[in-house]
Amino acid sequence: LVHVAFSVLGAGLIAFMVYILGQPLILGYLLGGVLVGPIGLKIVKNHEEIAALSSLGLIFLLFMVGLELNVRELLKMGRLVLCTGALQFPLCAGVQICTFMGLQAAGLNFGKGDYAALYCGMTCAISSTMIVCKTLSEMNDSSSPPGRLTIGILIFQDIWAIIVLAIQPNMANPEVTGILKTFAFIVGLIAVAMLYAKFVMPAVLYFASKSLELMLVLALTWCFFICCIAVLPFIGLGMELASLIAGVALATFPYSTEFNGKIKNIRDFFITLFFVSLGMQIPVPTLQAISMGILIAGVVLLFRWLGIYSVVRMLRGPADLATLATVNLSQVSEFALVICSLGVSYGHIQEDTLTMIIWTFAILAIMSSYTIGNNRAIFRFLAHTFNRILGRHAEAAGESVENHEGEHRDIVLLGFHRIAASLIANFASERIDLLKRTHIIDCNTEIAEVLNDKSVKVSYADIAESEVLEHTHHGMPKLVVSTIPDSLLHGLTNLQLLKTMKEVWPDAKHVVTADTRGDASMMYAAGASYVLRVEQICATKLHNLIAQAADIGEDDDDHDAANEIFDSEKLGDMKFKRGATKILSVV
């Protein structure tokens, strides 16, 4: 308990300083582990003293990811998820192993032992579930197409990691039966979880639903029930994969959002300990270890593009989807440290190889805390750079999903989320003529599928690039509208988007969205025609409704008048919902 206290103290102090400097909190947690760990103040002499407790953070995180994971939406991506997930690990591992063996033959030293190059190539083919899921969750990006593809690939990577652990003791002579047995147990565990979730858990949660405290306890009980089944000696699966399966099984329940909200604070505490524990494993820096770590990290970054980007593109996935998934997964998993530690105990490798992998993990973990948060900015930079080199405009810029030649669209919606979806639903029910004047520009390919029976023009393009917008929508529109708040935009703000609107379409009316009154003031100062503030509009609507109802008297006639007011509003809402359900499903 004393070690946990000092670990949290160190992490909190360093994280606060890192936050003041505007750096990612993960960096602060890792440095906090270095501070109190074996190479710092030596308060905690071994990371294993808090490792068991800190591993709960990964279990809670994966359980919550499962609760948020929409399996139907994941399966809609079909071959992109299945093929990329199945091929990424063998492709990356195979090429990296060959590369490291070639470098070893050329004189580079990856450590003592017969399997040093093999371990470096194999373990570095798996990405960090903890870092990726935590960052995507903070960005509210887990349910976007790139987020779903990223999590889908991570699920396959976890399965590959379990297979590696299964064959690791007999690395020289792996048995196919052992691999098939592992797959069979995974399928069996999924079946057990789904059957319990369908026939047992509904009754249990229904009777417990009046007590929020009991609901939380039962949710955690369910998670560890599946974990306990997974770690039975004759099954031997990991608790991490089991917690993900447990979360997916409960994702369809109406209580899943409540579970996520309650577990979040518990999860964050254990995640902090998890990263502190990883920081304690960072060894005393030596020039050779750091140099080899940088070299291995460079190889990992290079071949992630082969294992993810090239596969997605060969399957005709869009460039932004392939790029974002690649950037998201460009780091090394915490599983790599576990596999290499076991490799040391089996005599396959020595401590020097483990040290190189730890430095590789640390370098890429810190790098990923920056790159994932700016993944869309990285995509825009790469797309812009390559298009300039190749002398062409951005891919898919101005590529409309349907042919609307000869039609002038004078209403342009930049980005498509819930407000824009609701607006299109209102057009469909009240002003069908406006649909034929509307042009939606977004990088979500699913929008066209949902709006295929509408008259709306949909173009796939990056709304942040002025050159792209200019070639996507020809002519001067009357209205250019952004309805997505800054909290949901990634690598972009409405103020930046307003400047782009004015640059591309200076004579149009520009409507943008603000999260705060201060943001709205800045946008008006920058020339916005109107700034949408959702809370202000909601308050105005509610004010009018309350004012009408409050002015009505107490007799029966007045009571009927009040009912008419509310019934009229309800009818309007229900009419809207019938038209909006399908459209809103895409966002």
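Keep in mind it's a predicted model, so treat the numbers as computed, not measured. (Residues numbered from 1 in each chain as written. Predicted model: local features only at pLDDT ≥ 70, side-chain atom pairs only at ≥ 80, totals over all residues. Heavy atoms only, no water.)

## Topic: the overall build of the chain
Logical step 1: Summing up its helical and strand segments, the chain has 26 helices and seven strands in all.
Logical step 2: Here the chain, with 587 residues, has 49% of them falling under the buried criterion.
Logical step 3: Within the chain, contacts between residues at least 6 apart in sequence are counted, and of these 75% link residues at least 24 apart.
Logical step 4: Surface exposure of the chain reaches about 27,500 Å², of which carbon and sulfur atoms provide 63%. (Helix = DSSP H or I, 4+ residues; strand = E, 2+ residues; numbered from the N terminus. Buried < 20%, exposed > 50% of the residue type's maximum accessible area, 1.4 Å probe, protein only. Contact = heavy atoms within 4.5 Å. Areas by Shrake-Rupley, 256 points an atom, 1.4 Å probe, with all protein chains shown as cover.)

## Thoughts on a nonpolar patch on the surface
Logical step 1: The grouping of Val2, Phe6, Leu9, Leu13, Phe16, Met17 and Ile20 at the surface amounts to a nonpolar patch, some 710 Å² of accessible area in total.
Logical step 2: Structurally, Met17 is set in helix H1 (residues 2-20).
Logical step 3: A relative accessible area of 45% means that Met17 is categorised as partly exposed. (Patch = residues over 30% accessible without salt bridge, like charges linked within 9 Å, V, L, I, M, F, W, Y side chains within 5 Å. Salt bridge = Lys/Arg side-chain N within 4 Å of Asp/Glu carboxyl O.)

## Considerations on the packing of aromatic side chains
Logical step 1: Under the definition given, this model contains nine aromatic pairs.
Logical step 2: A centroid spacing of 5.4 Å and a plane angle of 55 degrees characterise the contact between Trp305 and Tyr309, whose relative ring orientation is tilted. Residue Trp305 and its partner Tyr309 are both found in helix H14 (residues 287-314); the two are separated by four residues, about one turn of the helix.
Logical step 3: Of the residues examined, Trp305 reaches a relative accessible area of 29% and is grouped as partly exposed. (Phe/Tyr/Trp six-rings, centres within 6.5 Å; stacked < 30°, edge-to-face > 60°.)

## Structural notes on the side chain of Ser127
Logical step 1: Here Ser127 is to be found in the loop between helix H6 (116-123) and helix H7 (129-138).
Logical step 2: Judged by its relative accessible area of 0%, Ser127 is buried.
Logical step 3: Of note is the side chain of Ser127, whose polar atom sits 2.7 Å from the backbone oxygen of Leu329. (Polar contact = N/O pair within 3.5 Å; in protein donor to acceptor, adjacent residues only side chain to side chain.)

## A look at helix H12 (residues 239-250)
Logical step 1: For H12, with twelve residues, the first-to-last C-alpha span of 17 Å sits near the 16 Å given by 1.5 Å per residue.
Logical step 2: Most of H12 is tucked away, with eleven of its twelve residues classed as buried.
Logical step 3: Taken as a whole, H12 has its buried residues at Glu240, Leu241, Ala242, Ser243, Leu244, Ile245, Ala246, Gly247, Val248, Ala249 and Leu250. (Expected span 1.5 Å × (residues − 1).)

## Notes on helix H5 (residues 79-105)
Logical step 1: For H5, with 27 residues, the first-to-last C-alpha span of 38 Å sits near the 39 Å given by 1.5 Å per residue.
Logical step 2: Its axis deflected by about 35 degrees at Gln88, H5 carries its strongest bend there, up to four residues before the proline Pro90.
Logical step 3: When H5 is considered as a whole, its buried residues turn out to be Leu80, Val81, Thr84, Gly85, Gln88, Phe89, Cys92, Ala93, Gln96, Ile97 and Phe100.
Logical step 4: At the exit of H5 stands Gly107, carrying a positive phi of roughly 120 degrees. (Bend = angle between axes of the 7 residues up to and from the residue.)

## Quick word on the packing of helix H10 (residues 201-208) against helix H11 (residues 212-230)
Logical step 1: Following both chains from N to C, one finds H10 and H11 inclined at 155 degrees, their axes separated by 9 Å at the closest point. It follows that H10 is roughly antiparallel to H11 by the angle criterion. When you trace H10 past H11, the crossing you get is right-handed. Here Met201, Val204, Leu205 and Ala208 of H10 lie close against H11, whose contacting residues are Leu214, Met215, Leu218 and Trp222.
Logical step 2: Looking at the contact of H10 with H11 residue by residue, the classes come out as eight nonpolar, no polar and no charged. (Axes fitted to C-alpha atoms, helices over the stretch in contact; angles between N-to-C directions. Parallel < 35°, antiparallel > 145°, perpendicular 65-115°, else oblique. Left-handed = near helix turned anticlockwise from the far one by under 90°. Nonpolar A, V, L, I, M, F, W, Y, C, P; charged D, E, K, R; others polar.)

## Remarks on the packing of helix H16 (residues 334-346) against helix H17 (residues 351-371)
Logical step 1: Axis separation between H16 and H17 bottoms out at 9 Å; the angle between their running directions is 175 degrees. Taken together, the axes of H16 and H17 lie roughly antiparallel to each other. Within the contact between the two elements, H16 uses Glu334, Ala336, Leu337, Cys340, Ser341 and Val344 and H17 uses Glu351, Leu354, Ile357, Ile358 and Phe361.

## Points about the environment of Ala383
Logical step 1: Structurally, Ala383 is set in helix H18 (residues 375-390).
Logical step 2: It is 8.7 Å that separates the C-alpha atoms of Ala383 and Ala319, two residues lying 64 residues apart in sequence.

## Things to note about the confidence of the model for the chain
Logical step 1: Summing up the model confidence of the chain, the mean pLDDT is 81 and the portion of residues at 70 or higher is 89%.
Logical step 2: When mean pLDDT is compared element by element in the chain, strand S6 (residues 509-513) scores highest at 94, while strand S1 (residues 399-400) scores lowest at 42.
Logical step 3: A low-confidence stretch, residues 394-406 (pLDDT under 50), is modelled with 30 contacts involving residues beyond four sequence positions or located in other chains. (pLDDT = per-residue confidence, 0-100.)

## What to know about unusual backbone geometry
A negative phi holds for most residues other than glycine; trans holds for most peptide bonds.
Logical step 1: In this model, Lys42 sits at a positive phi of 60 degrees, which is unusual for a non-glycine residue.
Logical step 2: With respect to the helices and strands, the residue Lys42 is situated in the loop between helix H2 (25-36) and helix H3 (48-68).
Logical step 3: According to the relative accessible area criterion, Lys42 is partly exposed, its value standing at 49%.
Logical step 4: Residues other than glycine seldom take positive phi values, yet Arg316 does so here, at roughly 65 degrees.
Logical step 5: Relative to the helices and strands, Arg316 resides in the loop between H14 and helix H15 (319-328).
Logical step 6: With a relative accessible area of 77%, Arg316 lands in the exposed category.

## Quick word on the pattern of salt bridges
Logical step 1: Tallied over the entire structure, the rule returns three salt bridges.
Logical step 2: Residues Arg431 and Asp433 are paired through a salt bridge, measuring 2.8 Å at the closest nitrogen-oxygen approach.
Logical step 3: Given the relative accessible area of 40%, Arg431 is considered partly exposed.
Logical step 4: A relative accessible area of 37% means that Asp433 is categorised as partly exposed.
Logical step 5: Put simply, Glu535 and Arg533 hold a salt bridge, and the shortest N to O gap is 2.9 Å.
Logical step 6: In this structure Glu535 comes out as partly exposed when scored by relative accessible area, which is 39%.

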